[in-house]
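Summary of structural features
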Amino acid sequence: MIIVMQQEATPEQIEAVEKQITDLGYKAHEIVGVERKVIGAIGDERGKERLQMIESMAGVESVFPILKPYKLASRETQPQDSVIDVAGVPVGGKQIAIMAGPCSVESKEQICTTARLIKEAGANIMRGGAFKPRTSPYSFQGLEEEGLKLLLEAKKATGLPIVTEVMNPREVDLVAQYADLMQVGARNVQNFSLLKELGKIKKPILLKRGMMTTIKEFLMSAEYILAEGNRSVILCERGIRTFETATRNTLDLSCIPVLKQETHLPVIVDPSHGTGYWHLVDSMSRAAIAAGADGLMIEVHPDPVHAFSDGPQSLKPEKFAKLIQTLRPFIELMGRSL
Ligand code: PEP
Ligand code: MN
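Residues numbered from 1 in each chain as written. Chains lettered and ligands numbered in written order. Predicted model: local features only at pLDDT ≥ 70, side-chain atom pairs only at ≥ 80, totals over all residues. Heavy atoms only, no water.

1. So, the pattern of salt bridges
By the definition in use, this model includes 19 salt bridges. A salt bridge links K200 to E197; the nearest nitrogen and oxygen atoms lie 3.6 Å apart. Classification of K200 as exposed rests on a relative accessible area of 51%. We classify E197 as partly exposed; its relative accessible area is 31%. A salt bridge links D270 to K208; its shortest N-O distance comes to 2.7 Å. Of this pair, D270 sits in the loop between β13 (267–269) and α8 (271–275) while K208 sits in strand β11 (residues 205–208); the two residues are 62 residues apart in sequence, bridging distant segments of the chain. Among the residues examined, K208 registers a relative accessible area of 3% and is labelled buried. The network of salt bridges with shared partners includes E45, K48 and K71. (Salt bridge = Lys/Arg side-chain N within 4 Å of Asp/Glu carboxyl O. Buried < 20%, exposed > 50% of the residue type's maximum accessible area, 1.4 Å probe, protein only. Helix = DSSP H or I, 4+ residues; strand = E, 2+ residues; numbered from the N terminus.)

Here it is, written out as structure tokens:
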């Protein structure tokens, strides 16, 4: 339910309403309103009619149900765009976020060189996997905490915030000690235990769409994080699985305008996993910006041929620098900035 307070509602009246929501067994979520205070009462759908009685409380203007199943993620609850702060880098506002770096952290030399070069090229967030979700148990699984430490060294050298993946609830605290943005990979988009854990922390979350996830399911996954109290969620389209085999995945760019209509959360695009080939990254990056994406996540490796993972879809740093140059006019055309 959404509770709209009167413009002249006092802090005491707001507090009384929030207490009533809690007493009825629901969570009160304050919603950033431009003119008046709006409170979302979120919880068990069964029996939510009981919340209607709040309408008679002092300072309340109206009470109405949120129709979308994703309550806090929906534009119904918050019409204006969310801007998520990733260690000083705003994601979701006018500025386009460029996250770049290797698929996996492999060595100090590899991550520090890449971080320096992507920063020079114009990236504002550094990516690198320390815990890797691999199809085969015999493939490289990541350097784990050692990889997180190397990311921190690269951050100290460049000042770039870190985005890195967390794979299971047991490692949330460990990864949160190093990461500025916690990535949930495509394979974990419906790992509800993980999503709930991430809802309890203060760090922003980058939620990647699963390869078989509908837009509605994707938003319901975001809702798991929001419902626990963490309001900083960024969505990432990274390609879905279709009958097409010419590309690794099918990058669903039409999900951008759909998501933008449905949710206030920022949406970024990963054209590297979305296509699986480095030579398709340029055109899909431009298309993503044109479709209204708030940012890009691009795999960059100093020596893709010898990369431990995802070499074929990784750009060399010089190619990445060129891509950013060619993207600039597109970004300006969209009324955005880098
Ligand atoms: C990654 O970002 O390296 C990754 C594993 O991505 P996804 O979860 O989208 O496959
Ligand atoms: Mn990868």
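2. What to know about the sheet that holds strand β2 (residues 27–31)
Strand pairs in the sheet, formed through backbone hydrogen bonds, run parallel or antiparallel to each other. Read from one edge to the other, the open sheet built from four strands follows the order β2-β3-β1-β4, with strand pairing classed as antiparallel. A single partner strand is all that each edge strand has here, and the edge strands are β2 and β4 (60–64). Adjacent strand axes in the sheet meet at a mean angle of 25° when their direction is disregarded. In the sheet, strand β1 (residues 2–5) pairs with β4 via four bridges, with the strands oriented antiparallel. Counterpart to V4 in the pairing with β4 is S62. (Pairing = 2+ DSSP bridges. Axes fitted to C-alpha atoms, helices over the stretch in contact; angles between N-to-C directions.)

3. Comments concerning the nonpolar core
Counting residues in each nonpolar core, the largest one holds 71 residues, and the members touching the most others are M126, M182, L198, L207, L235 and F320. If one sorts the elements of this core by residue count, helix α6 (residues 215–227) sits on top with six residues. Two domains share this core, each providing at least three of its residues, namely domain 1 (2–64) and domain 2 (84–333). Not counting the four nearest positions on each side in its chain, L235 is found in contact with L207, F218, L219, A222, L259, T263, L265, P266, V267 and I268. If you look at the next biggest cluster of nonpolar residues, it comprises 16 residues, including M5, I39, A41 and V60. (Core = buried A, V, L, I, M, F, W, Y, C linked by side-chain atoms within 4.5 Å. Domains from an automatic or database assignment. Contact = heavy atoms within 4.5 Å.)

4. With respect to the coordination of the manganese ion (ligand 2)
Ligation of the manganese ion (ligand 2) by protein atoms is provided by C103 (SG), H273 (NE2), E299 (OE) and D310 (OD), these donors lying 2.0 to 2.4 Å from the ion. The sequence motif formed by the donor residues of the manganese ion (ligand 2) is C-x169-H-x25-E-x10-D. Taken together, the positions of E299 in strand β14 (residues 295–299) and D310 in the loop between β14 and α10 (317–333) put the pair 11 residues apart, joining distant regions of the chain. Judged by its relative accessible area of 17%, D310 falls in the buried class. (Donors = N, O, S within 2.8 Å, 3.2 Å for Na, K, Ca; no water.)

5. Some points on the site of ligand 1
If you check the shell around ligand 1, you find 13 residues, and the closest are R127, K132, A186, R187 and R238. A distance of 3.2 Å is found between an oxygen atom of ligand 1 and a side-chain nitrogen or oxygen belonging to H273. For the shell around ligand 1, the per-class residue count stands at three nonpolar, three polar and seven charged. (Near = heavy atom within 4 Å. Polar contact = N/O pair within 3.5 Å; in protein donor to acceptor, adjacent residues only side chain to side chain. Nonpolar A, V, L, I, M, F, W, Y, C, P; charged D, E, K, R; others polar.)

6. As for the domain arrangement of the chain
Here the domain parsing of the chain yields domain 1 (2–64) and domain 2 (84–333). Counting residues at the interface gives four residues for domain 1, matched by four residues for domain 2. Of all residues in domain 1, K27, H29 and I42 bury the most surface against domain 2, accounting for 82% of the area lost on that side. Joining domain 1 to domain 2, the criterion identifies zero salt bridges. Between the two partners, domain 1 and domain 2, sit two residue pairs in polar contact (both at pLDDT 80 or more). For the side of domain 1 that touches domain 2, the residue count by class is one nonpolar, one polar and two charged. (Buried area = accessible area lost by both parts, 1.4 Å probe.)

7. A word on helix α2 (residues 108–121)
Across its 14 residues, α2 extends 20 Å between first and last C-alpha, which sits within 8% of the 20 Å expected from 1.5 Å per residue. Of all the residues in α2, the buried ones are Q110, I111, T113, T114, A115, I118 and A121. Here the buried face of α2 lies against β7 (97–101), β8 (125–127), α3 (145–158) and α10. Among the residues trailing α2, G122 stands out with phi positive, at a value near 120°. (Expected span 1.5 Å × (residues − 1).)

8. Some words on the sheet that holds strand β10 (residues 181–184)
Taken in spatial order, the eight strands of this closed barrel run β7-β8-β9-β10-β11-β12-β13-β14, and their pairing is parallel. Neighbour-to-neighbour, the strand axes of this sheet turn through a mean angle of 25°, independent of strand direction. The pairing of β11 with strand β12 (residues 233–237) spans four bridges and is parallel. Bridging from a neighbouring strand, I205 pairs with V233 of β12. Each of β7 and β8 is contacted by α2, which is oriented at about 145° to β8, the strand it contacts most. Where helix α7 (residues 255–262) meets the sheet, its contacts fall on β12 and β13, and the angle it forms with β13 comes to roughly 165°.

9. A short note on the environment of L327
By secondary structure assignment, the location of L327 is in helix α10. Measuring from C-alpha to C-alpha, the distance between L327 and D282 comes to 8.5 Å, with 45 residues separating the pair along the chain. Every residue in contact with L327, bar those within four places of it in the chain, is listed here: S285, R286, I289 and L296.

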